[in-house]
Amino acid sequence: MFRLLSGLFIFISISVQSVELTVNYTESSFLGLYKHQTYIKSGKYTHIDEHYKMDGTGMDVIPYVPDVYSLTLSKKQANSIIEQLLKLGVNGWDKQYPENIAGLICDGPSFNLYIKSEKLNINSKGYCYFPESYKKVAAVFESVHKTPNK
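This structure is a prediction, so every number in the text was calculated from the model and none was measured.

### Quick word on the nonpolar core
One finds I81, L85, V90, W93, L113, I115 and F141 to be the most contacted residues of the largest nonpolar core, which totals 25 residues. Going through the elements one at a time, β1 (21-28), α2 (75-87), β8 (110-117) and α3 (134-146) are the ones with two or more residues in this core. Sorting elements by how many residues they give to this core places α3 first, with six residues. Those residues in contact with W93 that lie beyond four places of it in its chain are F111, L113, I122, S124, P131, S133, Y134 and V137.

### What to know about the environment of P98
Relative to the elements of secondary structure, P98 occurs in the loop between β7 (96-97) and β8. Spatially, the C-alpha atoms of P98 and G126 are 6.5 Å apart, while their sequence positions differ by 28 residues. Apart from residues lying up to four places away in sequence, P98 is in contact with L104, Y127 and Y129.

### Points about a nonpolar patch on the surface
A cluster of nonpolar side chains, F30, L31, L33, M54 and V61, forms an exposed patch at the surface whose accessible area comes to about 490 Å². With respect to the helices, strands and loops of the structure, V61 is situated in strand β5 (residues 61-62). Judged by its relative accessible area of 36%, V61 falls in the partly exposed class.

### Some details on the pattern of salt bridges
Here the structure, examined in full by the defined rule, presents two salt bridges. As a salt-bridge pair, K119 and E83 come within 2.6 Å of each other at their nearest N and O atoms. Of this pair, K119 sits in the loop between β8 and β9 (121-127) while E83 sits in helix α2, placing them 36 residues apart in sequence. Take K119: its relative accessible area is 53%, and that puts it in the exposed class. Of the residues examined, E83 reaches a relative accessible area of 32% and is grouped as partly exposed. The closest approach of N and O atoms between K146 and E142, which form a salt bridge, is 2.8 Å. Here E142 and K146 lie together in helix α3, a separation of four residues that amounts to about one turn.

Parameters and conventions
- Residues numbered from 1 in each chain as written.
- Predicted model: local features only at pLDDT ≥ 70, side-chain atom pairs only at ≥ 80, totals over all residues.
- Heavy atoms only, no water.
- Core = buried A, V, L, I, M, F, W, Y, C linked by side-chain atoms within 4.5 Å.
- Buried < 20%, exposed > 50% of the residue type's maximum accessible area, 1.4 Å probe, protein only.
- Helix = DSSP H or I, 4+ residues; strand = E, 2+ residues; numbered from the N terminus.
- Contact = heavy atoms within 4.5 Å.
- Patch = residues over 30% accessible without salt bridge, like charges linked within 9 Å, V, L, I, M, F, W, Y side chains within 5 Å.
- Areas by Shrake-Rupley, 256 points an atom, 1.4 Å probe, with all protein chains shown as cover.
- Salt bridge = Lys/Arg side-chain N within 4 Å of Asp/Glu carboxyl O.

The following block contains the structure:
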């Protein structure tokens, strides 16, 4: 009886665990006027949206406390994120954009994207250059905290 109950407990605990998905995604501007960070680990989604404002003269930057969104992802949500990213071709992204940054002066946005899951493993970064599907990928992460029950 004890073996049956412990086997049932192990089966139930395995079946309710979230999909293993680890994400570290950051997008920022050259002068640090904005920074978006998204983290997913052990079913926990955290997004930090950090923007700065200029003072009345336009000569000084005024920092403020960033907006932080946090929620627990369901197994269905985690699978949906992975499937959307695969459809957008993230698994084919290069390690770095552009491939050679020697002599590059990047005064624009940059990104870092690290994803680890059973179906998708990627580590990519870019400086002023982005993969074709980049904006759609950024929208996938943003949609999680903007429509948390989806």
